[in-house]
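So you can see what is in the structure, the chains are spelled out below.
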Amino acid sequence: GIKNLMALLRKKAPNSLKIVQAEELKGKVLALDASLTMYQFLISTTYISKQGKLRVLSNADDGDDTSMSQENRTGHIIGLLHRTNKLLSFG
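Definitions and cut-offs
- Residues numbered from 1 in each chain as written.
- Predicted model: local features only at pLDDT ≥ 70, side-chain atom pairs only at ≥ 80, totals over all residues.
- Heavy atoms only, no water.
- pLDDT = per-residue confidence, 0-100.
- Helix = DSSP H or I, 4+ residues; strand = E, 2+ residues; numbered from the N terminus.
- Contact = heavy atoms within 4.5 Å.
- 1 Å grid on protein atoms, 1.4 Å probe; cavity = no way out; pocket = protein on both sides within 12 Å on 5 of 7 lines; lining within 4 Å.
- Points joined across faces, edges and corners; volume = space filled by probe spheres on them.
- Nonpolar A, V, L, I, M, F, W, Y, C, P; charged D, E, K, R; others polar.

## Quick look at the confidence of the model for the chain
Next up, step 1: Averaged over the chain, the pLDDT score is 75; the fraction of residues at 70 or greater is 68%.
Next up, step 2: Mean pLDDT values for the elements of the chain range from 55 in helix α3 (residues 70-73) up to 92 in helix α1 (residues 5-12).
Next up, step 3: The low-confidence segment residues 65-71 (pLDDT under 50) makes nine contacts with residues lying over four places distant or belonging to another chain.

## Quick look at the layout of surface pockets
Next up, step 1: By volume, the largest pocket is sized at about 790 Å³.
Next up, step 2: L25, L30, L32, R83 and L87 are, among the 19 residues lining the largest pocket, the residues nearest its centre.
Next up, step 3: Elements represented by at least two residues in the lining of the largest pocket include exactly α2 (35-44) and α4 (75-89).
Next up, step 4: No other element matches α4, which puts six residues into the lining of the largest pocket.
Next up, step 5: Grouping the amino acids of the lining of the largest pocket by side-chain chemistry returns eleven nonpolar, three polar and five charged.
Next up, step 6: Roughly 410 Å³ of internal volume is contained in the second largest pocket.
Next up, step 7: For the second largest pocket, the lining is made up of 13 residues, of which L5, M6, L9, S16 and L17 are closest to its centre.
Next up, step 8: At three residues, the largest contribution of residues to the lining of the second largest pocket is made by α1.
Next up, step 9: For the lining of the second largest pocket, the class distribution of residues is nine nonpolar, two polar and two charged.

Okay, structure coming up:
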């Protein structure tokens, strides 16, 4: 993202910011920056090990990445697809 973007918009273009319900956007063309959403889902499905390495959350007791299900390794992608689908469902 762009550092301090919201502060800049509030200062330079305060009328450009408006909270709306998703239904109000029906039939409109939108451009979304998915990087923050992707990062949110990635972080929610990972953790940093004691050795400082980023590891995928797993139901496995041994912590071995090879024992993780495919869903656990792709949880961030699945989350992004679900959120995109939800936005598309508004039309």
